[in-house]
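# Reading the structure
Each chain is listed here by its residues.
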Amino acid sequence: MPLDPHPPSTLSRRSFLARAAATVAAAAAGPTLITACGSDAGGGGDGEKVTFLSYLPLETLSLAPELLAVAGGHFADHGLDVTLQPVKGSPQAMQTLLAGSGPITRIGQIDVMTAVAKSKQPLVNIGTLTRGSSLRFVYSKNNVDLANPRSLLGQTMGVPSEGGTSDKVVSLVLANAGLDPKQVKRQVVGLTPGTFNLVQQGRLAGYVVSIDTANVVLSQHEDAGVYDPGTVVKSDSQVYVATRDGLTKNKEVLRSFMAGVRDALAAMVADESFDKTLETLRGQYSFASLDDDEIAHASLTTMRDLWTGGDPAKPLLVTDGAAWGAGYDELVAAEVAEPGGDAKSWFDNSMLPKSEAGAQ
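Residues numbered from 1 in each chain as written. Predicted model: local features only at pLDDT ≥ 70, side-chain atom pairs only at ≥ 80, totals over all residues. Heavy atoms only, no water.

### Focus on the overall build of the protein
From N to C terminus, the protein includes 15 helices and 11 strands. Going through the 360 residues of the protein one by one, you find that 54% of them count as buried. As displayed, the protein has an accessible area near 15,100 Å², and 50% of this comes from carbon and sulfur atoms. (Helix = DSSP H or I, 4+ residues; strand = E, 2+ residues; numbered from the N terminus. Buried < 20%, exposed > 50% of the residue type's maximum accessible area, 1.4 Å probe, protein only. Areas by Shrake-Rupley, 256 points an atom, 1.4 Å probe, with all protein chains shown as cover.)

### Some details on the nonpolar core
Grouped together as the largest cluster of nonpolar side chains are 48 residues, with contacts concentrated most on V82, I126, Y240, F257 and L317. Sorting the residues of this core by element identifies β2 (48-54), α2 (64-71), β3 (80-86), β5 (123-128), β11 (238-243), α10 (251-270), α11 (275-282) and α13 (293-308) as the ones contributing at least two each. When residues of this core are assigned to their parent elements, the largest contribution, 8 residues, is made by α10. With residues near it in sequence (within four places) discarded, L317 still touches G127, T128, L129, R131, Y240, M258, V261, R262, L265, N349 and L352. Counting 42 residues, the second-largest nonpolar core is a separate cluster that includes V87, A117, L152 and V169. (Core = buried A, V, L, I, M, F, W, Y, C linked by side-chain atoms within 4.5 Å. Contact = heavy atoms within 4.5 Å.)

### A short note on the environment of L58
Assignment of secondary structure puts L58 in the loop between β2 and α2. Here L58 falls in the buried class, since its relative accessible area comes to 2%. For the pair L58 and P86, spaced 28 residues apart in sequence, the C-alpha to C-alpha distance is 6.7 Å.

### Things to note about the side chain of S171
Its location among the elements puts S171 in helix α6 (residues 165-176). A polar contact of 3.2 Å, which involves the side chain of S171, links it to the side chain of R186. (Polar contact = N/O pair within 3.5 Å; in protein donor to acceptor, adjacent residues only side chain to side chain.)

Function cannot be read off these values alone, since they describe shape.
And the structure:
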């Protein structure tokens, strides 16, 4: 549900914008590192130390499952002391995973499939987090309507990295509409709400952001519009990824990690108001979209629908083979992924808790 252009908040508009600017400035200064076991912000717990490689910055609610698994003690309950380590985008996440810098990461289905199909990288999806796209196209309703892909032709879209998931999703939206993706230029831009100024100036048709950033932009600009590419793209799910070798070497760690994520997700799905979720998260973290009640509730509500596929009774994290295969077919048809791959061999539900994996 769209946010009111001027949402009620415990903060004034000026203080919210100041805090958002401070958050952006802090992120620009360099990557942060969050280490914790349970609710201990300082980390150093007694559990087995594990590094999670995050292609996302830590200051986003898109990382809510992992943040809550740390702050709420869900990883600790399964014997893990988890460090959330940000890396620069999904290509680096895959590289550092393959180099053995950590046993697990979370990236897009598109990145996994294109990498495995093209260069046979030994990557395996061990759990599907979202049942749809967690990306949003932000645009100005005064200039274009990105719900109509033809409005993108001859324009420039802002993306966080060249050739990454966001870039590929733009191509898929166009290809699925029978349009040539090459007719739309891409420009690497920051993912902050401030980039919307370039959209208002007409220098960008729009740009690709996370759900919570899209909600921040909606709260700040009456002319802002948001398009969900998941309405036409099948393959833009978020998945947890390990290496084939890691499935054997790190089996117990991976099972414990996925159990911690599952418990965090289950807690958020059951927390209808998100009051307990937000209390726990805010006890350890502070960033713009988390600190604002309206934005946090709207963002987590949308994400909950993505985690459950709109049906809370369905098992969490389980990869559906038919949906996974349909995503690969889409990528091949759009010439985003190489053909001839065996998509069903690229996922493995056995690392999930038996209560979930057995409910397929």
